[in-house]
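# Structural overview for review
Chain by chain, the residues run as shown.
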Amino acid sequence: AQSVTQPDIHITVSEGASLELRCNYSYGATPYLFWYVQSPGQGLQLLLKYFSGDTLVQGIKGFEAEFKRSQSSFNLRKPSVHWSDAAEYFCAVGGSYSYFGNEKLTFGTGTRLTIIP
Amino acid sequence: DVKVTQSSRYLVKRTGEKVFLECVQDMDHENMFWYRQDPGLGLRLIYFSYDVKMKEKGDIPEGYSVSREKKERFSLILESASTNQTSMYLCASGRNTEAFFGQGTRLTVV
């Protein structure tokens, strides 16, 4: 069965500092990987996704993520955070062998990001 | 822009009531999903549908059912609401590319 681990429940970062959110996945075939962001009281917005090809993926709002198959990881990074980045971030994995793979997702438990001035 | 609309943002229901959560999408997507979101547990899939009148159980279907009579609409039904179904419910739709989420319905069962 597929699974996702986000080991950090809560991270606090100073505005302007760099950010890395960790994500490890378990999947028996080629994974489809996603990062979503959820602002308070809102639904989920897709930041970026990896299906194949270049292992460094660029997303919206200045975020990027790197797929490392050997480490089963898909960590999210941003070089300089802004106060508006405060939100909850979810990593998710979908199945490449499934017709529903891109949407039938297994989510991690999320990482809450706090930004301090 | 893709739009996934959930009919209620907040809902309060009594134990034992039959509850309907409605979701409508405007992008002609075949696939629609209902997730439940709880603190510390992330999102868990309740049910999904890949066509009109077709449905599949997700990871936590107990206590729920679904209905998809039209392509654009996917309803989640709590047959007899219980307090442990108090949660945030998120609907999503997609067509083998990515999932688009609604704003969520925060359901409280008292």
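Described in the following lines is the structure provided in the data block. (Residues numbered from 1 in each chain as written. Chains lettered and ligands numbered in written order. Predicted model: local features only at pLDDT ≥ 70, side-chain atom pairs only at ≥ 80, totals over all residues. Heavy atoms only, no water.)

## Some words on the overall build of chain A
- Looking only at helices and strands, chain A features 0 helices and 12 strands.
- Seen in sequence order, chain A has helices and strands lined up from the N terminus as β-β-β-β-β-β-β-β-β-β-β-β.
- Over its C-alpha trace chain A gives a radius of gyration of 14 Å, about what one expects of a compact globule, namely 13 Å for 117 residues.
- Across its three principal directions, the C-alpha atoms of chain A cover 45 × 30 × 25 Å.
- Counting only residues that meet the buried cut, chain A has 48% of its 117 residues in that class.
- Counted over contacts in chain A with a minimum sequence separation of 6, partners at least 24 positions apart contribute 57%.
- Working note: accessible area of chain A is about 5,400 Å², and carbon and sulfur atoms make up 50% of it.
- Of the charged side chains in chain A, 9 are positive and 9 negative, and the gap between their average positions amounts to 4 Å. (Helix = DSSP H or I, 4+ residues; strand = E, 2+ residues; numbered from the N terminus. Rg over C-alpha atoms; globule rule 2.2 N^0.38 Å. Buried < 20%, exposed > 50% of the residue type's maximum accessible area, 1.4 Å probe, protein only. Contact = heavy atoms within 4.5 Å. Areas by Shrake-Rupley, 256 points an atom, 1.4 Å probe, with all protein chains shown as cover. Lys, Arg positive; Asp, Glu negative; His and termini not counted. Charge placed at Lys NZ, Arg CZ, Asp CG, Glu CD.)

## A few points about the interface of chain A and chain B
- Taken together, the contact between chain A and chain B spans 21 residues of the former and 22 residues of the latter.
- Summing both partners gives a buried area of about 1,900 Å² for chain A against chain B, and 52% of it is carried by carbon and sulfur.
- If you look at where chain A meets chain B, you find 0 salt bridges.
- When contributions to the side of chain A that touches chain B are tallied by element, the ones reaching two or more residues are β5 (31-38) and β6 (44-50) of chain A.
- Considering only residue class, the side of chain A that touches chain B consists of 10 nonpolar, 8 polar and 3 charged. (Buried area = accessible area lost by both parts, 1.4 Å probe. Salt bridge = Lys/Arg side-chain N within 4 Å of Asp/Glu carboxyl O. Nonpolar A, V, L, I, M, F, W, Y, C, P; charged D, E, K, R; others polar.)

## So, the nonpolar core
- With 27 residues, the main nonpolar core has Leu19(A), Trp35(A), Leu47(A), Leu48(A), Phe74(A), Leu76(A) and Tyr89(A) as its most contacted residues.
- Among the secondary structure elements, those contributing two or more residues to this core are β2 (10-14), β3 (19-21), β5, β6, β8 (64-68), β9 (73-78), β10 (87-95) and β12 (111-116) of chain A.
- Among the elements that line this core, the one with the most residues is β10(A), at 4 residues.
- Not counting residues within four places of it along the chain, the set of residues in contact with Leu19(A) comprises Ile11(A), Val13(A), Phe63(A), Leu76(A), Arg77(A), Lys78(A), Val81(A) and Leu113(A).
- Grouped together as the second largest cluster of nonpolar side chains are 20 residues, Met32(B), Val66(B), Leu107(B) and Val109(B) included. (Core = buried A, V, L, I, M, F, W, Y, C linked by side-chain atoms within 4.5 Å.)

## Description of the sheet that holds strand β7 (residues 64-70) of chain B
Residue and element names in this part refer to chain B.
- Read across the sheet, 4 strands follow the order β1-β3-β8-β7 without closing on themselves; strand pairing throughout is antiparallel. Among the strands making up the open sheet, the edge pair consists of β1 (4-6) and β7. Adjacent strand axes in the sheet meet at a mean angle of 20°, parallel and antiparallel pairs treated alike. (Pairing = 2+ DSSP bridges. Axes fitted to C-alpha atoms, helices over the stretch in contact; angles between N-to-C directions.)

## Some thoughts on the state of the cysteines
Residue and element names in this part refer to chain A.
- Enumeration over the complete set of coordinates arrives at 2 disulfides over all chains.
- With its sulfur 1.9 Å from that of its partner, Cys23 forms a disulfide with Cys91. The S-S bond linking Cys23 to Cys91 shows a torsion near -65°; that makes this disulfide left-handed. On the criterion of sequence distance, the pair formed by Cys23 in the loop between β3 and β4 (24-26) and Cys91 in strand β10 is long-range, its members being 68 residues apart. (Disulfide = S-S within 2.5 Å.)

## Observations concerning the environment of Gly28(A)
- As for its placement among the helices and strands, Gly28(A) is situated in the loop between β4 and β5.
- Separated by 26 residues in sequence, Gly28(A) and Gln2(A) place their C-alpha atoms 7.4 Å apart.

## Digging into empty space enclosed by the protein
Residues and elements named next belong to chain A.
- Counted under the stated rule, the structure contains 1 cavity of 30 Å³ or more.
- Computed from the structure, the largest cavity encloses a volume of approximately 30 Å³.
- In this structure, the largest cavity is lined by Val37, Ser39, Lys61, Ser84, Asp85, Ala86, Ala87 and Tyr89.
- Looking at the lining of the largest cavity residue by residue, the class counts come to 4 nonpolar, 2 polar and 2 charged. (1 Å grid on protein atoms, 1.4 Å probe; cavity = no way out; pocket = protein on both sides within 12 Å on 5 of 7 lines; lining within 4 Å. Points joined across faces, edges and corners; volume = space filled by probe spheres on them.)

Such coordinate-based values are descriptive only and should not be taken to indicate function.
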